[in-house]
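What the coordinates show
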Amino acid sequence: MQATVLRFHSLPDSFYSFVARHIHDNVSDLALKYRGKVDVALLDFALTQIECRRKAANKLKPFVESDRFLFADSLSAEQSSDYRVARYHLDIVGKDNLVLDMTAGLGIDAMTLSQKNIVTAIELDGSRAEALKHNADIFELDNLSVINADSIEFLRSSHQKYNVIFIDPARRKNDNRRVYGFRDCEPDILENMDLLKSHADRIVIKASPLLDITQTIRDLDNLESIHIVSVKGECKEVLAILNNKAGTRPYIRVVDLGDDTFDSLFEIDIDSFLLKNSCELADEADVAPGKYLYIPNAGMMKIDVGSALCSRFEGMKKISPNTNLYVSEKIYDGFPGSIHEIKMIPDKKDLKVFRNERYNVSTKNYPMEAEALRKKLKVREGHEKFIYGFRAFKKEIPMLVTTERLNL
């Protein structure tokens, strides 16, 4: 049950102590235990807080450290930016800007951006807008103002110019189907592009990790850059940044964020991305014990720019035309992904040695999925040693290698 406007500003101390006291308890058990003994609206809202806090404990760590931080509903918590991604958005936007966040939601981006900018946050849903006002108050974010409105209508009736417009359009239709293209989202980015450009020179559009990068390049004028953003190896989003005053060649940045810094960062200009030049392919001598297997991170897998990797890291070769893995006899510390030393190339007769041993099993362009291969080999799940299955060389031959990871 969503909270009323009154509930956000008038919750008793007992509400917050109830949430804190039961943060590790089963919400279904709590619902049964307290139903009829506690006001039903307050109980439902408290259970929402407990559930959201548990699910978002890592994703929103700096925010949920305050026991007064509130979630309007479960969906806003699910759809919110990871705090590390929000900090990256702040790096992109910069400081001392007038910023409009057109789709605030839970407001993690708006609150983070307001630490160094003056931010107006627009939210269509009344409860979410009120929750954001409450949270901005508890964090004393004086640079953040929240407006409950339709952001497109707000812009149409406004003469205000901003340095930056930030927008994260809804990627679900009314029937709950997921959509990915800018034209399918709400609001329709492409249909309203002239309106956005009339109010800001710089526009930051947050999109699904499944966004088609090549189509996006075709769709958007005045493109400054595209950012594929991951957190600890998991791809979270694609950002498209437009700039009416852009004077440099557009580029793609692939970044993997750690808790406090970048785990990796790779940039390529868009012309090189679109060329998709080939990369030298490995042969049998290249995939051998003592050589190094390179596995691109999720963002690099998405843009699949083997030629750029092979150009950047001299001597690197691609495993096969359709396998986005790489090998080299050298170690490259700046590689955007994981680095493994190849230990063994097992034959069929060797497979029994893996039985009951601990290995992480992964496959890429291989005749069976990783779980099926793990069961076939009868190995237990492990954390230090790896078995990789992939198709290799020009002939796309299925093969296995065992490895140990060198970088964490």
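Position labels on residues start from 1 in each chain and follow its written sequence. The model is predicted, so local features are restricted to residues of pLDDT at least 70 and side-chain atom pairs to those at 80 or more, both for listing and for counting; the totals for chains, interfaces and linings are taken over all residues. Side-chain measures here rest on the full set of heavy atoms in the structure, leaving out hydrogens and waters.

Some thoughts on the overall build of the protein chain
By the criteria applied, helices consist of DSSP H or I runs no shorter than four residues and strands consist of E runs no shorter than two, each listed in order from the N terminus. On a plain count of helices and strands, the protein chain comes out with 16 helices and 16 strands. With the C-alpha coordinates of the protein chain rotated into their principal frame, the extents come out at 70 × 60 × 35 Å. Total accessible area on the protein chain is roughly 20000 Å²; 46% of this is exposed by carbon and sulfur atoms. Here the protein chain carries 58 positive and 62 negative side-chain charges, and the mean point of each set is 6 Å from the other. The method behind every accessible area is Shrake-Rupley, applied with a 1.4 Å probe, and residues are considered shielded solely by the protein chains displayed. We treat Lys and Arg as the positive residues and Asp and Glu as the negative residues; His and chain ends play no part in the count. Taken as the charge location is NZ of Lys, CZ of Arg, CG of Asp or CD of Glu.

Quick word on the environment of Ser-76
Along the chain, Ser-76 falls in helix α6 (residues 74-79). Sequence separation of Ser-76 and Ile-189 is 113 residues, and the distance between their C-alpha atoms is 21 Å. When near neighbours in sequence (up to four residues on either side) are disregarded, Ser-76 contacts Leu-106 and Arg-128. The contact criterion used throughout is that any non-hydrogen atoms of two residues lie within 4.5 Å.

Observations concerning the pairing of strand β10 (residues 292-296)
Counting buried positions over the 5 residues of β10 gives 5, a clear majority of the element. Each residue is assigned to one of three classes by its accessible area relative to the maximum for its type, calculated with a 1.4 Å probe on protein chains only: buried under 20%, partly exposed between the two thresholds, exposed over 50%. Every second residue of β10 is oriented toward a common face, with Tyr-292, Tyr-294 and Pro-296 on one face and Leu-293 and Ile-295 on the other, all of them buried. In this description, strands pair whenever DSSP reports at least two bridges between them. Pairing analysis gives 3 bridges linking β10 to strand β12 (residues 323-328), with the strands arranged antiparallel. Note on β12: the bridge partner recorded for Tyr-292 is Ser-328. As judged from the 5 bridges shared by β10 and strand β13 (residues 337-344), these two strands associate in the antiparallel manner. Looking across to β13, one finds that Tyr-292 is bridged to Glu-341.

Concerning the environment of Ile-270
The topology assignment puts Ile-270 in helix α13 (residues 270-275). Note on Ile-270: relative accessible area 5%, which makes it buried. As a C-alpha pair, Ile-270 and Lys-95 span 175 residues in sequence and 27 Å in three-dimensional space. Leave out the neighbours within four places in its chain, and Ile-270 touches Ile-217, Leu-223, Pro-250, Tyr-251 and Ile-252.

What about the sheet that holds strand β2 (residues 118-123)?
Strands belonging to one sheet form pairs held by backbone hydrogen bonds; the direction of such a pair is parallel or antiparallel. The mixed open sheet is built from 9 strands, whose spatial order is β3-β2-β1-β4-β5-β7-β6-β8-β9. The sheet is open, and its two edges are formed by β3 (144-148) and β9 (262-269), each paired on a single side. Recorded for the sheet is a direction-independent mean angle of 15° between the axes of neighbouring strands. Taken together, the 4 bridges between strand β1 (residues 98-101) and β2 define a ladder with parallel strand orientation. By the bridge assignment, Val-99 is partnered in β2 with Val-119. On the sheet, helix α7 (residues 83-93) packs against β1, β4 (162-167), β5 (200-207), β6 (223-231), β7 (234-243), β8 (251-257) and β9 and is oriented at approximately 20° with respect to β7. To get an axis, fit a line to the C-alpha atoms, keeping to the stretch in contact for a helix; angles then go from 0 to 180 degrees between the N-to-C directions. Along the sheet, helix α9 (residues 126-138) makes contact with β2 and β3, crossing β3 at roughly 165°.

Description of the state of the cysteines
Pairs of cysteine sulfur atoms within 2.5 Å are identified as disulfides in what follows. For the structure on display, the rule yields 1 disulfide. What pairs with Cys-279 in a disulfide is Cys-310, and their sulfur atoms sit 1.7 Å apart. On the S-S bond that ties Cys-279 to Cys-310, the torsion sits near -65°, and the link is left-handed. With Cys-279 in the loop between α13 and β10 and Cys-310 in helix α15 (residues 306-312), this pair connects stretches of sequence that are 31 residues apart. With respect to burial, Cys-279 and Cys-310 carry one shared label: buried.

What to know about the nonpolar core
The set of buried Ala, Val, Leu, Ile, Met, Phe, Trp, Tyr and Cys residues whose side-chain atoms join them within 4.5 Å is what this entry labels a nonpolar core. Membership of the largest hydrophobic core comes to 51 residues, with the highest contact counts inside it found for Phe-182, Ile-205, Ile-228, Ile-252 and Ile-303. By size, the runner-up hydrophobic cluster in this structure holds 39 residues, among which are Val-64, Phe-69, Phe-71 and Ala-136.

Focus: α7
Counting buried positions over the 11 residues of α7 gives 9, a clear majority of the element. All of the buried residues in α7 are Tyr-83, Arg-84, Val-85, Ala-86, Tyr-88, His-89, Leu-90, Ile-92 and Val-93. Where α7 begins, the side chain of Asp-82 points an oxygen toward the backbone nitrogen of Arg-84, at a separation of 2.7 Å. Side-chain atoms alone can form a polar contact between residues adjacent in sequence; in general such a contact is a pair of N or O atoms within 3.5 Å, and within protein one must be able to donate a hydrogen while the other accepts it.

Considerations on the packing of helix α3 (residues 27-34) against helix α4 (residues 40-55)
Contact geometry of α3 with α4 gives a least axis separation of 10 Å together with a crossing angle of 165°. Taken together, the axes of α3 and α4 are roughly antiparallel relative to one another. For the crossing formed where α3 meets α4, the hand is right-handed. Within the contact between the two elements, α3 uses Val-27, Leu-30, Ala-31 and Tyr-34 and α4 uses Leu-43, Leu-47, Ile-50, Glu-51 and Arg-54. A breakdown of the residues in the contact of α3 with α4 according to their chemical character gives 7 nonpolar, no polar and 2 charged. Roughly parallel means an angle under 35 degrees; roughly antiparallel means over 145; roughly perpendicular covers 65 to 115; every other angle is labelled oblique. Should the near helix be turned counterclockwise from the far one by less than a right angle, the crossing is left-handed, whereas a clockwise turn marks it as right-handed. Each residue receives one of three labels: charged for Asp, Glu, Lys and Arg, nonpolar for Ala, Val, Leu, Ile, Met, Phe, Trp, Tyr, Cys and Pro, and polar for the others, Gly being one of them.

A look at the environment of Val-27
On the secondary structure map, Val-27 appears in helix α3. Taking relative accessible area as the criterion, Val-27 reaches 15% and is therefore assigned buried. Taking the C-alpha atoms as reference points, Val-27 and Ile-50, separated by 23 residues in sequence, lie 7.5 Å from one another. Those residues in contact with Val-27 that sit more than four places away from it in its chain are Leu-47, Ile-50, Glu-51 and Arg-54.

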